[in-house]
Amino acid sequence: MHALKNYKKEDIYDNNAYTYSSAYHAGTGTLILYSHHARPPPPDDEQPQYITTQLAAFAIIGNKRTFIDGATAFRNVRDLAFRERQSLIMQANERVKEKLRKYSEPCMQSRPDKSDVPAAVHAVKSSRVRKSTSGGKNQNKKSAVGGKGLFKGNA
């Protein structure tokens, strides 16, 4: 999650947890929830440190109330992790899109206008898929230009 959060930008360590885990011990019926976050590497090392913090523990075999509390906390942490992951993915995708826009603008400016393209090219592009009637049924035919049909079906 740390790599995703810092995708295409400088590493930032904000001491916030974006990763969660849980452990269930069947012998004691205990559910323990953890959060994980990255810390900057020490001066003599290149690898970041990963800190695990216990969030909560539930004795879920004790009674109905503790089971419901444990199951609810587990579901809430799972949902929080999903939202965090989706948010970080969207942010990383936006950085990629922005970079693509930045690099594609010069290419788009040098692209010919549609009016510069001969009319015959437009006619060929628009006639790649044609339908014909045969026996009262519409069938997708192979393209006269490309040789392969664009639609699955009878050819």
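1. Quick look at the pattern of salt bridges
Reasoning step 1: One pass over the full model with this rule turns up four salt bridges.
Reasoning step 2: Asp 79 serves as the salt-bridge partner of Arg 78, at 3.6 Å between the closest nitrogen and oxygen.
Reasoning step 3: What makes Arg 78 partly exposed here is its relative accessible area of 47%.
Reasoning step 4: Asp 79 sits in the partly exposed class, given a relative accessible area of 29%.
Reasoning step 5: Between Glu 98 and Arg 101 there is a salt bridge; the shortest N-O distance is 3.0 Å. Of this pair, Glu 98 and Arg 101 both sit in helix α2 (residues 64-109), three residues apart, which is roughly one turn of the helix.

2. A look at the pairing of strand β2 (residues 30-39)
Reasoning step 1: With seven of ten residues buried, β2 lies mostly within the body of the structure.
Reasoning step 2: Here strand β1 (residues 19-25) pairs with β2 via seven bridges, running antiparallel. Counterpart to Ser 21 in the pairing with β2 is Tyr 34.
Reasoning step 3: In textbook terms, the turn of a hairpin is the stretch between consecutive antiparallel strands, and for β1 and β2 this stretch comprises four residues, one of which, Gly 29, has a positive phi near 70°.

Calculation notes
Residues numbered from 1 in each chain as written. Predicted model: local features only at pLDDT ≥ 70, side-chain atom pairs only at ≥ 80, totals over all residues. Heavy atoms only, no water. Salt bridge = Lys/Arg side-chain N within 4 Å of Asp/Glu carboxyl O. Buried < 20%, exposed > 50% of the residue type's maximum accessible area, 1.4 Å probe, protein only. Helix = DSSP H or I, 4+ residues; strand = E, 2+ residues; numbered from the N terminus. Pairing = 2+ DSSP bridges.

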